[in-house]
Each structure stands twice: as structure tokens, then as C-alpha cells.
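Inside the fold
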There are 2 protein chains.
Amino acid sequence: MEEVLKPQSTNNDVNFEPLVVMEFALNTNQAAIEWMITKLQASSERNGAELCVTAVRMEHNQGQTETVLLIGGRTERLLLGAEMMGLMKEYRDGNLREFTSIDINNFRGADNPDGILSMAEKQKIIFRELENIRATDEDEHVPGYEFIKLYPGRTIVKKMLSSDIVKTLFPIHDQDFLKKLGAEWYKRPLSSQPIEKIKYYFGEKLGIYFAFLGFYTISLIPPALIGFLYWITSWQNLYREAIFAVFNLIWATVFLEAWKRYCAELAFKWGCTDFVSSKFEEPRANFHGHMGRNPVTQKPEPVFPKSQQLLRFYGVTVPVLFLCLTCAFYAMLGYFWLQAIVDRWYLEDKSWLNKIDTFMPTVVYAVVIAILNAIYRKVATILNEFENHRLQTSYDNHMILKLILFEFINCFISLFYVAFYLQDMKLLKSHLMALLITTQILGQVQESVVPFLFQRRRAHRLQQAVRKLETAQSVSYSNGDVGQDLLRQVSIESSMDQYRGTQDDYLEMFLQFGYVFLFSSVFPLAAMWALINNVTEIRSDAFKMCRVFQRPFTESAANIGAWQMAFELVSVLAVMTNCALIGMNPEVQRLLPSDITAVNVLIIFVAVEHILLALKMAVAYFIPDVPDWVEVEVAKIAYQSKLALQKEQIQRSAASKRKAEVISTI
Amino acid sequence: MEEVLKPQSTNNDVNFEPLVVMEFALNTNQAAIEWMITKLQASSERNGAELCVTAVRMEHNQGQTETVLLIGGRTERLLLGAEMMGLMKEYRDGNLREFTSIDINNFRGADNPDGILSMAEKQKIIFRELENIRATDEDEHVPGYEFIKLYPGRTIVKKMLSSDIVKTLFPIHDQDFLKKLGAEWYKRPLSSQPIEKIKYYFGEKLGIYFAFLGFYTISLIPPALIGFLYWITSWQNLYREAIFAVFNLIWATVFLEAWKRYCAELAFKWGCTDFVSSKFEEPRANFHGHMGRNPVTQKPEPVFPKSQQLLRFYGVTVPVLFLCLTCAFYAMLGYFWLQAIVDRWYLEDKSWLNKIDTFMPTVVYAVVIAILNAIYRKVATILNEFENHRLQTSYDNHMILKLILFEFINCFISLFYVAFYLQDMKLLKSHLMALLITTQILGQVQESVVPFLFQRRRAHRLQQAVRKLETAQSVSYSNGDVGQDLLRQVSIESSMDQYRGTQDDYLEMFLQFGYVFLFSSVFPLAAMWALINNVTEIRSDAFKMCRVFQRPFTESAANIGAWQMAFELVSVLAVMTNCALIGMNPEVQRLLPSDITAVNVLIIFVAVEHILLALKMAVAYFIPDVPDWVEVEVAKIAYQSKLALQKEQIQRSAASKRKAEVISTI
């Protein structure tokens, strides 16, 4: 084996720092592994990534072999990668600028070039380089796996992950930093979160998620307090109810606007303000099309016609989604139909069998929904991939949209049905409380109790992983040696779960936001429940990130993406639902003067609703989305760029003039 | 006099082209005139404008003197002004770039430097230079007028205009170009407008106004045709009415979105896309504050605290406006109250005196509204000036907002009152028809007949102006001679009216849009009326611009500003009003199944309204505001700027490194 894995280029430094782990499936064909290593090490002219690799091969009993690649890169290679990515680093003048190797001396920490990039940044750069290893015309299939076809220009690593040749690919944790982070984060439940450190270790996207979670939780305090106050005192007054609803609605708007401002500050401080146009952002790895050039940068990249994309979205996605949502709607109707039947049975004959029967529709409905949900998520992922979005943000946002549509229907359509079709306020109240409280309690159990179980499972897995390492019949290394501690850490981390992204976390908050604000006039204590839940949620999410999951590759983000719009839409919907609920409430109607006709009551509530909507729009319009100081800083950069462009034009024309003069004198 | 008006600097070229006319009031103190000429000619170090001036002094009978300054500038001076303004000119590569003198050879037409700038551009540059003549610490008052105080840093010319020392300031028309333009524009009523030429001569702001007028008129064709079709056939069907209303509402949205796209294209082609941040745009001439520096460009400019501005807006403007609108509202209530009283009188006693009395409230109301309107416009202008907006666009938009609020209340509140408070559909229909048709006919008369009268008045004035010139006892020139033809042209144009900006023209279209779309289900023929009106409107507006008014100084604009939002708000309001009107229509209610309760009817119409609003939002959201190709072109410039900034950083650091090396070797 030593002969086969000889260094393919001069890139392989024995003393590199391993940063990313690529673990192959058991008994992977050696040809595929060696082909991969070649690709990783080869020079860029030969379509390689020019990275450093150490291969660890373990032979177990029954002839099973297991190969793990430890990947790193020389400092210059990683700095070049940082430049290609347009990574923002702190410049001499304290501003963030895109890193350029040629200008390295003006970036902070240039005296120790290896220290310019953080570990997370290095890992992100390696990940991007891995994604950039694309199949050439010669690569028809993965060596040793003729059935796994490759297409020129497509990312190899993604293909190997999706075809399970590569079992897992993850960056290594930094245990020392994690310990410090944990002490500040989930071990101090009442202090604010160390957002800067979270961003440093987990990247901007997760930093923004936790900042949002904290911001949202704090903003729940006023409605929770008022709701609690109303609950412990009496609750039977038209004006009190109306005041609470109006306060909640305006509060939700102010919260969403204030978040936008705070988020813009964070994004600016972290150098990911998207004043850089999306038109010259790099396409995502899975974006495909015939090879062409970016119309802005003129760099080669896949090109996919816009018309085709629109056709796929409106021609395929929209009808399929509509079908799915219709199914979910009919499932809900079926549930109420069944429930009505068994309720009638129970009324006719109050036997224990019929009593049990009354719970059956709920159980059936829950199962049906779970199945539908699983199918829908598969369909949504396939559709989203099929839409072939050029940018990761666009891909994410369309995925969020699809998720929201279905989950919203799932969670709220039954409440809407009870509230506005059956118009049964009692049933609505009990239905809402049941949904909210079971969701919360289930969530609490899942996120506070399960981590403890996880810890036991972790301990078990850890033992298993270590035992596997110890019982390996032979361990051989290529391209350098690996310390036992590191090998142990790699074994343990490779057995940990992979973090699936922020989407489900946001979704949980989104649905909670819906429960709290859509029906707040019916159940004012909801905000209190949500508040208590979120305080624990932050800490258990933090614990999961630090101790339960593999370290994720960092992603940058300037905002919470389509979730912002989703929250805003719910806050608009909340105006309508609350006005309708207050108007329909029989207790409220009793409090109205008796000489008002039903039609006039309705007109009044519709008018109030319209005024509230207008007020909401006005509040959102008059609070600027970006704080003034951020706007000034962004303008400064734009102004400097403008001046630089002019200067460059002048220099270029002066140079060409000089050249012309030289030519004319000859 | 010759001694006094000797050239103050070397700037005065006898052979300059006079471009702008400044006419002093009769018998203006000679000291003020000479002081002004000095300011115009002085070098920039002495706070002058470095322009060229010829003074023409006419002495009439009874010792009356009249002075006219003809202002121009040397080519280099004007090109420098173009650079300071950041004027966009066509670059060698066909793109528009900000003009820079040092790079002049790369701009189109550089072989004849005087031809680089169009006449309108030169006039705009001179206007900007005039505005930039600011009072110094020594200028305590206008010489010869001790009561006209000057404040350091404030624009002198504006002060002299507002205190009537300068009677008028205008750029000279280009008769040859006007003839060609007129032949293509108002003399061919059925062809499309020569938008590019209009923009070349009158500037981007007017170019965009006429483009909008044309675009809006064409988009009125479908609703006009359908409305006409409905009118000539029968009109008594629930579905037909609903279909027409729904079509109109969606059509209005599509029109507004399509206009945004077309406008973005125009703005890009004309080089006024506002991807340049407003933070480093120059402040408007009347913006005041203590002298400081622009936070972005670090150029000296007045600074006015944002908090102060917000205080003025929310603390003064909002309450005062609220008061004004309340007055207008009570005036309307008073009108209906009076009308009810006289109607009762007439019913009780049908005498001819009482018959006449029934028209009295309308007359009184019209007079009251006219007075209120005049007061309001004064108040609004004062408030807007008081708010002290830094940018012209911001100033304009706040002015538009104030205008719209009042005019909307004025024109529509009575219709709303009739429709939704009195709920008298018959009265609404007659009221609406009367309002629309009288407005249109009055407008037609004003804009088609009056120009002819104007022409007679013009002829008269022309004679007067020429006679005045001929009967002048002596005409003396300083700093150069002026041909008789030019002097004649100046005399004539100085007697013409000044164009008051696009606001009233937009307002007219805005109110028309309101009449057509807010109540289209009551009066479907409105679109046809509007269409016919606008076809004439375009030509009479064009005639006015070319023949009736003084040439205006050009202004740049990237869009129609706050009018876009105003039109969009009306289109949202139109959904509500039309749903309500159809729902309330007794004829429609007769067509509904009789077993539906009034409450359910109302619920259905509210639901339909909400669905239509959602549909509208979706249409507006899914049609991108800027065409893809414009986005790509804008991104290209941003990308080039980014690269240039990086390059500049590198060069600068390389230079400083080299310097450091040189120092270390010494």
C-alpha cells in the first residue's frame, strides 16, 4: 500500500494540521480511495485541490477495512483559498476587507500568517476546495464502482456522499475552545449569550440563529407579563381583551423591525452585509447547466437559462405543492368528519369502548400527518433540487418556503377550521391549549431530557469507537503519522450525529410565534409558555451544538432569509385572526350595546382590522430597516470603490496614452 | 459704469456662449448688481463661481433702468463643473461613466471638448455653480439693501430670488432644437413620444414624467375598452360587475409593476440608477446646519442632527397636518349638513328661490375648499422647508406626501362619505360622474383652449417685450457685446411663465387614477373618459413645455419618487372600495340567493377582499422590480469597482512598502 499512496505532488507536508475528516464506508474499494486521495493532492492544473492528506487505514476482524482521510492544507494554500472565496478579514484600519494574499501585510496578524485564519475558516476553505473538485471528461465513473456515473463539471465529493461511498465528512472540533464556550453559554442560563464567540466557532449562520433566538425570547417578556397579569386577575372585559390584542399586534411588528436593525448591525460587523450583488456570488456546488461564463465576472461557471428555471418553478413545483397541500387539507377534513362520527357514537352509547374510540381519530390523524410530512419533505427536497437554484441563499429560501407552506397548513389549518368554520370558541380554546402545551412539553422533553439520554448514548458510542480503534488488527498511515489522541477524537466524533442545519430550529420558533400571536386573544398565557420554553431551548440547543453533534461547516448569512418574511406574514395574519376572534367572541358580543345590528358589529370589526393593518404597515415603513451608522459605513465603502474605479480608469488611459506616445516616437 | 464692471479675473472671455439669463428687478440698486457680477466672476478662492458674464443695462423713460446678466462659462470651467457634479457621460466602451477631466480623452466626443456637454447640461452646471455661491462672513447683507440679511454658508442667489431683487433666472431656449422636437412630439398626436429627445432637452425628471404619462395612457386602453363594451351592452349582472372590478384591480397592480421595470430601464440607460448611495449625494442648496463634514466623503457640508429632523417632522409637521385635514373634513361635513337643510327647504316649498338655494352649498363648499387649498399649500411648503431635508429627492417626496394627503381628502372624502356613510349609491354615481366629468372638461379647457389664449397673450407680451427693447433710451453692455437677435429672444423669454415642476401634473394623473380605479364598479366608463383626456393631455403638456414656459433647469430622477407609493396605495384602497361597493349594491344583493343572511354576505365579501389583497401582494412580489439585464449591468459596475478598490489597496501598500524600503536603505 505504501507504494500506491506515495505523495503525488510536493504539496504534502508531513507536519500539516488535520482539520477535516473524510471517512469512507466499511470495505470501500481501494481504487476509489486512492483516486480520491490523488484528486485531493493533485495540483490545480490537474484538477486537484492541492491539499494535504494523511490516510489512516484500520483492519478489523473478518477482514473488514476502514479508511479515514485527515485533510489539511499548507498555510499559503489556505490563504489562497480565502482569497478565492472573498473571505472578509480585519484590515490595518480596523475595517473588514476581502482578503488578498498580495496585500497580506496590511491584514491584522500578518506576522504569523498561519494565525490569520481561524480554525473554522480554514475548515470552510477546505470544504469549498473539496466541493470544487469536479469530474473531468476522463472521470466516467468512480473507480471500482462502475454503476456510480460521474458527469463532467459536477462535484465529486457530493456524489460520493450521496452514494454512501464516503460515510461522513466533517471538520474536527476544537475541544479547548468548546470548553470555554460552553462555560459562558449553556452553563450560565441567565446571562446573555456569547454571540461573537458562537459566530467565531460555528460561523455567521448559526451566530445569527442564536442571536435571533435570544432576541425573540427577550421580546416575549412584555406580552408574557401582560398575559400573566390578565390571567391572575379577571378576564371578562371587551376593552382589556382588545387592548391586549392590539398591543400584541403592534409589538410583533416592532419586534420584527427591531430585529432587522439588530441583524443588519451583526451582519455588518461580521462582514457579510450583502451589498455585494448576488449576481457575482459563486454558484452553489450542486448548480448545474452547460458551461459558460458569468455575465458579470466573466469567470467560467455553469449557465442555466432563467426561463427554464421559471418553467420548472411554475410548471412543476407549484402544481405539485398545491396537490400536497390539498391532501393535507382533506386529511384534516377527514379527521373532523371521523371525530364527529365517534363523538356521536359516544353520545348515543357511553360505553368505555366508545370512549376509547373518541381518541382514535386524533391518533389516526397524527399518524397520517406524520406520514404525509415525511413524504412531503422528500418531495420538497427533490423539487428544490430540481429547480436548480444558482445561489445557496436562493436554494435555502425556496426550501424554507416549501417547509412553511406545509407545516403551516399542518399545524394551523385545524385551528382555523375550528375558529372560522365551526366557530366553536370553546373547542378552539381547548384545541389550542392542547396543541401548544403538548408541543411545548414534547419539545421540552426532547430538548432537556433527551440530551441526558444522548449523553449516555454518547458515552456508549464513545466506548464503542474507542474499542473499535483498540481492537483494530492493524493501523497503517500514509503521508504522515497521526497521534493516538487525535485518532481517538476522530473516532469519537465520527460516531456523533450530524447537525442538519438551522431549518428545523427556525421552524419550531415559527410555529410557536404562530400559536402565540395568531390566537393570542383566545389564550393570552401562550406568550408566558413560549417564554419559559425558549429560555430552556437556548441552553439545550447550545448544549446540542457543543456536545452532541459533529462540528458543522460554517456558512455565512446576512439575515434569517425567508424566515423574516414568514414571521411578517404571520404577524399580518394575526391582525385578521384576532379581530375576527374578538368580534366572534359571544362574551364580547354580550358587552356590546344591544341596539347594534350584527351587520354593523361586523362592519366595525372589519374597519378596526383595516385600521390596524394600516397602522402595522406604517410602523414597518417608518422604522428604517438598517441603522444609520451601518448605512454610513456601507456608503463609505461604496464611495471608496467609486473613487478607486475612476482612478483606475484614469491610470489605464494614461498608460495606454504613454504606450501610444512611445510607439509614435519609434 | 465701464470702470466698475471691469473684468475681475481672467475668466471673462468676450466670445462665450450666453446660456443662462438673470434679470434684475426694475431700478435695482447698482451696488447689488455689481456685487453679484463680482461674485459670478471671482475665482473660487475668493468664493466666486468663475463664470463669464455680460451685463446688459437698458435705460427707459422716467429714468427706469433694467439690468439683465447673460451668464456662460469657458469650456474647461464647465467640464470641471460636470466633474464636480458627477455627471454621467458616454465612455469609450459605450457605458455611461462619471465624467472626469483628467480622463477626458476616453469620453465620446473628446476631439471637440465643447461638444461633450449638451446645452441643457451646461445650463444645469451653471445653475449648480450659481447655487454654490454662498455668503461669506463679510457678506452681512445684500449691498444697497441693508434689510436683506445674509447668513454665512447660505446660497445668495436663492435669497435674491426670494427677496425679488432678481426677478427671474432661466436658461435660454434652443429654438432650432425645439422646432425639431415639436414636430415629432405634439404635432404628431398618434405616434409615440420622442422620449430620448425630451430627456436630452428637458432632463431626466421631465423625461420620466412624459414616459409615465405615455405608459399610463396606453395601459388605460384595456379597461377603457372593457368598460365601453359593458356600457354599450346591458349592465345588470353580478358576475360581470365582479369580473370587471377584479380585472381592473389586478390590471392596476400589473401596470404599476410593469412601470417600475420600464422606469428602471430608462433610469439605467440615462445613467441615473441610484445604486449610488444617497449618503454621499450633495445636499440641496437650501439645506442648512452648522458647517461640518460629510461622514462618507469627508467633504465640508452643512450638518443637521437627525434627531432634530425627526422632532420637527413628528413634533410639528404631523400635528399641523392633522389639524389641516380635520378642517377639510369638517368643511365636508358642513357641506352635507347645509345641503340637507336646503334640500329640505326645497322639498317643503318648491319656489325658484329655494331651487337656487340648493346649489348654494356646492358653491360655498367649492370656495371654502379653494381657500383651504391655498392656505394648505403655503403651510405645506413652509413645513417642508422647516423639516430641512438634506436631499432634493427627500424634500420632493415629503412635499408630494403632503400634497397627496390633502388633495386626496379634498377630492375623495365626499365620495367616501356618500358611499360608505350615507350608503346612497344613486347619489354616489351622480356625484362621481359630476366630479370626474367636470374635472376632465375643466382640464381639457384649461389645457387645450387656454394654450391658444396663451398664444395670443404670448404674442401680446412678445410685442411688449420687443417694444420695451426698442423704446429703451440707451442700451449699454459690459464685458462683451450681445447680438440684437439674442437680446430679442431674451426679452421674449423673460416675459414667459416659469414652469412650476412636475408635481401638479402628477397630481392630476393621481386623482384621475383614483376616480378610475377606486369606484370603477360604479362607473365603468371612467377609464374611457380618462383615456380620451390623456391623449390630449400629453400633447397639450408637450405644447406648454415647448412654447409657453421658460425653459426649466433640468433635474435628474431615477423614478417617479413618492408618486409610485401613492399610486400603489390607491390601488390597494381600490380593492377595499370596490369590494364594498359591489357588496353594498342593492342590485347585486337582489341577485344573491335569498336564504343567505346579511352577515354571511358581508363575510363573503370581506373574504373576497382579503383574497384579492393577497393576490395583489403576490403579483407585486413575484414580478421583479428591475429587469434582469439591468441588474446584470449594475452588478458589472459594482464588481469592477470592487476589483478596483482591491487593486488600489494593493498598490498603496506596495508603494508604502517601497517607501519604507527606501527609508531603511538610507
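All values reported here derive from a predicted model rather than from experimental measurement.

1. Observations regarding the overall build of chain A
The helix and strand tally for chain A stands at 21 helices and eleven strands. For chain A, the C-alpha atoms occupy an extent of roughly 100 × 80 × 50 Å along the three principal directions. For chain A, with 666 residues in total, the buried portion stands at 50%. Look at the contacts in chain A between residues 6 or more apart in sequence, and 74% of them connect residues 24 or more apart. Carbon and sulfur atoms provide 62% of the accessible area of chain A, an area that totals close to 32200 Å². With 66 positive and 70 negative side-chain charges, chain A shows a separation of 1 Å between the mean positions of the two kinds.

2. Quick word on the interface of chain B and chain A
With 50 residues of chain B at the contact, the number on the chain A side is 50 residues. Counting the contacts that link chain B with chain A gives two salt bridges. Here Lys642 of chain A ties to Glu98 of chain B by a salt bridge, and the two come within 3.1 Å at their closest N and O atoms. Here chain B is connected to chain A by four residue pairs in polar contact (both at pLDDT 80 or more). For the side of chain B that touches chain A, the secondary-structure elements that each account for two or more residues are strand S5 (96-98), helix H10 (306-348), helix H17 (562-584), helix H19 (598-622) and helix H20 (628-665) of chain B.

3. Remarks on the sheet that holds strand S3 (residues 65-72) of chain A
Residues and elements named next belong to chain A. With antiparallel pairing, five strands are arranged side by side in an open sheet as S8-S1-S3-S2-S11. Lying at the two open borders of the sheet, with one neighbouring strand each, are strand S8 (166-171) and strand S11 (474-478). Sheet twist, expressed as the average angle between the axes of neighbouring strands with direction ignored, equals 15°. As defined by bridge partners, strand S1 (residues 20-24) adjoins S3 across four bridges and the pair is classed as antiparallel. Looking at the pairing, Met22 lines up with Leu69 of S3.

4. What to know about the domain arrangement of chain A
Under the domain assignment used here, chain A contains domain 1 (20-172) and domain 2 (639-666). For domain 1 of chain A versus domain 2 of chain A, the distance between C-alpha centres works out to 41 Å.

5. Digging into the pattern of salt bridges
If you walk through the whole model with that rule in mind, you get 54 salt bridges over all chains. As a salt-bridge pair, Glu568 of chain A and Lys260 of chain A come within 3.3 Å of each other at their nearest N and O atoms. Highlighted residues: Glu568 of chain A in helix H18 (residues 562-584) and Lys260 of chain A in helix H9 (residues 238-269), separated in sequence by 308 residues. When its relative accessible area of 24% is taken as the criterion, Glu568 of chain A is described as partly exposed. Where Glu387 of chain B meets Lys402 of chain B, a salt bridge forms, and the shortest distance between an N and an O atom there is 2.8 Å. Taken together, the residues Glu387 of chain B in the loop between helix H11 (352-386) and helix H12 (392-422) and Lys402 of chain B in helix H12 connect sequence positions 15 residues apart. For Lys402 of chain B, a relative accessible area of 2% gives the class buried. Each of the salt bridges in this network shares a partner with another, and the network as a whole consists of Glu50, Arg77, Arg128 and Glu129 of chain A.

6. Regarding the environment of Glu301 of chain B
All names here are of chain B. The topology assignment puts Glu301 in strand S10 (residues 300-303). According to the relative accessible area criterion, Glu301 is buried, its value standing at 10%. Between the alpha carbons of Glu301 and Met291 there is a distance of 5.7 Å; along the sequence they are ten residues apart. Other than its neighbours up to four places away in sequence, Glu301 contacts Pro283, His290, Met291, Gly292, Arg293, Asn294 and Arg390.

7. Some details on the packing of aromatic side chains
All names here are of chain B. Taken as a whole and judged by the stated rule, the model has 100 aromatic pairs over all chains. When the centroid spacing of 6.3 Å and the interplanar angle of 45° are considered together, the rings of Phe255 and Phe513 count as tilted. Residue Phe255 is found in helix H9 (residues 238-269), and its partner Phe513 is found in helix H15 (residues 503-518); the two are separated by 258 residues along the sequence. Judged by its relative accessible area of 4%, Phe255 is buried.

8. Concerning the nonpolar core
Across soluble globular proteins, you tend to see nonpolar side chains buried next to one another. Phe412, Phe510 and Trp563 of chain A are the most contacted members of the largest nonpolar core, which totals 102 residues. Per element, the largest residue contribution to this core is 14 residues, and it comes from helix H13 (residues 392-422) of chain A. When residues no more than four places from it in sequence are discounted, the contact partners of Trp563 of chain A are Ile400, Ile404, Gln503, Tyr506, Leu507 and Phe510 of chain A. Of all hydrophobic cores here, the second largest spans 101 residues; its members include Leu220, Leu266, Leu325 and Val522 of chain B.

9. A look at the environment of Asn600 of chain A
Secondary-structure assignment places Asn600 of chain A in helix H20 (residues 598-622). Counting along the chain gives 489 residues from Asn600 of chain A to Asp111 of chain A, while the straight-line C-alpha distance between them is 77 Å.

10. Digging into the packing of helix H5 (residues 175-184) of chain B against helix H6 (residues 195-202) of chain B
All names here are of chain B. Between H5 and H6, the shortest axis-to-axis distance is 10 Å and the interhelical angle comes to 150°. One finds that H5 runs roughly antiparallel with respect to H6. Crossing hand, H5 versus H6: left-handed. Every residue of H6 that contacts H5 at Phe177, Leu178, Leu181 and Glu184 is listed here: Lys197, Ile198, Tyr200, Tyr201 and Phe202. By residue class, the composition of the contact of H5 with H6 is seven nonpolar, no polar and two charged.

11. A few points about the state of the cysteines
Following the criterion strictly, the structure yields zero disulfides over all chains and no others. With no disulfide of its own, Cys411 of chain A has Cys324 of chain A as its nearest cysteine by sulfur position, at a separation of 16 Å.

12. What to know about the relation of the copies chain B and chain A
Of the transformation placing chain B onto chain A, the axial shift is 0.1 Å and the rotation is 180°, giving an RMSD of 0.1 Å. A rotation of that kind, with that shift, is consistent with a two-fold axis.

13. Some remarks on the side chain of Thr155 of chain B
Residue and element names in this part refer to chain B. With respect to the helices and strands, the residue Thr155 is situated in the loop between strand S7 (145-149) and helix H4 (156-162). Polar contacts involving the side chain of Thr155 include one to the main-chain carbonyl oxygen of Glu131, which spans 3.0 Å. One polar contact links the side chain of Thr155 to the main-chain carbonyl oxygen of Ala285, over a distance of 3.4 Å. Discounting chain neighbours no more than four positions away, the residues touching Thr155 are Leu130, Glu131, Ile133, Arg134 and Ala285.

14. Some thoughts on the packing of H12 of chain B against H17 of chain B
Residue and element names in this part refer to chain B. Look at H12 against H17: their axes get within 11 Å of each other, and the N-to-C directions meet at 10°. Looking at the two axes, H12 sits roughly parallel to H17. Contacts between H12 and H17 pair Asn397, Ile400, Leu401, Ile404, Phe408, Phe416, Ala419 and Phe420 from the former with Ala562, Trp563, Met565, Ala566, Val570, Leu573, Thr577, Ala580, Leu581 and Met584 from the latter. Split into classes, the residues belonging to the contact of H12 with H17 amount to 16 nonpolar, two polar and no charged.

The rules behind the values
- Residues numbered from 1 in each chain as written.
- Chains lettered and ligands numbered in written order.
- Predicted model: local features only at pLDDT ≥ 70, side-chain atom pairs only at ≥ 80, totals over all residues.
- Heavy atoms only, no water.
- Helix = DSSP H or I, 4+ residues; strand = E, 2+ residues; numbered from the N terminus.
- Buried < 20%, exposed > 50% of the residue type's maximum accessible area, 1.4 Å probe, protein only.
- Contact = heavy atoms within 4.5 Å.
- Areas by Shrake-Rupley, 256 points an atom, 1.4 Å probe, with all protein chains shown as cover.
- Lys, Arg positive; Asp, Glu negative; His and termini not counted.
- Charge placed at Lys NZ, Arg CZ, Asp CG, Glu CD.
- Salt bridge = Lys/Arg side-chain N within 4 Å of Asp/Glu carboxyl O.
- Polar contact = N/O pair within 3.5 Å; in protein donor to acceptor, adjacent residues only side chain to side chain.
- Pairing = 2+ DSSP bridges.
- Axes fitted to C-alpha atoms, helices over the stretch in contact; angles between N-to-C directions.
- Domains from an automatic or database assignment.
- Phe/Tyr/Trp six-rings, centres within 6.5 Å; stacked < 30°, edge-to-face > 60°.
- Core = buried A, V, L, I, M, F, W, Y, C linked by side-chain atoms within 4.5 Å.
- Parallel < 35°, antiparallel > 145°, perpendicular 65-115°, else oblique.
- Left-handed = near helix turned anticlockwise from the far one by under 90°.
- Nonpolar A, V, L, I, M, F, W, Y, C, P; charged D, E, K, R; others polar.
- Disulfide = S-S within 2.5 Å.
- Least-squares fit on C-alpha atoms with pLDDT ≥ 70 in both.

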